[in-house]
Amino acid sequence: MEVGPGPAFLGPGRIELMERIAATGSINKAAKEMGMSYKKAWMMVQSLNRQATTPLIITQTGGEQGGGAQLSTAAQELMQAYQALRQRFEEFLRQETQNLLRNE
């Protein structure tokens, strides 16, 4: 997936928002769980979708059963890649810390 130019695209907060949207099926519920306003969460969702080449969060407007949100396949793949990168980075930091401690 390619990402267009613009403001910050992805980080821990946006990953957490996407995880919570996936778990709750709702931007509003995800925002509440994070102690965030719905407006801020909605703006983050719009920013993610605008910057990605394919929508990451698919929303459905309310009807009789209410609205909802779910992650696209691209979002799930992006989250997996982010988690793998984070694990590699944490392992790198652990190894470098050990190296520093050995050299003291």
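Refer to the structure presented above.
Residues numbered from 1 in each chain as written. Predicted model: local features only at pLDDT ≥ 70, side-chain atom pairs only at ≥ 80, totals over all residues. Heavy atoms only, no water.

Draft legend 1. Structural context of the pairing of strand β2 (residues 68–71). The alternating pattern of β2 places A69 and L71 on a buried face and G68 and Q70 on a face that is not buried. In the sheet, strand β1 (residues 57–60) pairs with β2 via four bridges, with the strands oriented antiparallel. Residue pairing across strands places Q60 opposite G68, the latter belonging to β2. (Buried < 20%, exposed > 50% of the residue type's maximum accessible area, 1.4 Å probe, protein only. Helix = DSSP H or I, 4+ residues; strand = E, 2+ residues; numbered from the N terminus. Pairing = 2+ DSSP bridges.)

Draft legend 2. Expanded view of helix α3 (residues 38–51). Its 14 residues place the ends of α3 20 Å apart at the C-alpha level, agreeing with the 20 Å of an ideal helix rising 1.5 Å per residue. Inspection of α3 places A41, M44, V45, S47, L48 and Q51 among the buried residues, and these make up the whole buried set. The arc enclosing the buried residues of α3, seen along the axis, measures out at 160°, which places them on a common side. In α3, the exposed positions angled more than 90 degrees off the buried face are occupied by K39 and R50. Packed against the buried residues of α3 are α1 (12–24), α2 (27–34) and β1. (Expected span 1.5 Å × (residues − 1). Arc of directions from axis to C-beta. Contact = heavy atoms within 4.5 Å.)

Draft legend 3. Broad picture of the packing of α1 against α2. Here α1 crosses α2 at 125°, and the two axes come no closer than 8 Å. Here α2 runs oblique to α1, going by the angle between their axes. For the element pair α1 and α2, the recorded crossing hand is right-handed. Where α1 abuts α2, its residues G13, E16, L17, R20, I21 and T24 lie against I27, K29, A30, E33 and M34. Grouping the amino acids of the contact of α1 with α2 by side-chain chemistry returns five nonpolar, two polar and four charged. (Axes fitted to C-alpha atoms, helices over the stretch in contact; angles between N-to-C directions. Parallel < 35°, antiparallel > 145°, perpendicular 65-115°, else oblique. Left-handed = near helix turned anticlockwise from the far one by under 90°. Nonpolar A, V, L, I, M, F, W, Y, C, P; charged D, E, K, R; others polar.)

Draft legend 4. Just the nonpolar core, in detail. Judged by nonpolar contacts, the single largest core of 23 residues is most densely connected at L17, M18, I21, L56, I57 and L71. Put simply, the parts of the chain that give this core at least two residues each are α1, α2, α3, β2 and α4 (73–102). Discounting residues that sit within four places of it in the chain, I21 has contacts with S26, I27, A30, V45, I57, A69, Q70 and L71. (Core = buried A, V, L, I, M, F, W, Y, C linked by side-chain atoms within 4.5 Å.)

Draft legend 5. How the structure looks around the side chain of Q51. Position of Q51 relative to the elements: it lies in helix α3. Assessed through its relative accessible area of 8%, Q51 is described here as buried. A polar contact is formed between the side chain of Q51 and the side chain of S47, at a distance of 2.7 Å. (Polar contact = N/O pair within 3.5 Å; in protein donor to acceptor, adjacent residues only side chain to side chain.)

Draft legend 6. The arrangement of the packing of aromatic side chains in detail. Summed over the entire model, instances satisfying the criterion amount to one aromatic pair. Ring centres 6.4 Å apart and planes at 15° place the aromatic pair Y38 and W42 in the stacked group. With a gap of four residues between them, Y38 and W42 both fall in helix α3, about one helical turn apart. Residue W42 is classed as partly exposed on the basis of its relative accessible area of 30%. (Phe/Tyr/Trp six-rings, centres within 6.5 Å; stacked < 30°, edge-to-face > 60°.)

Any functional reading would require information beyond the geometric quantities listed.
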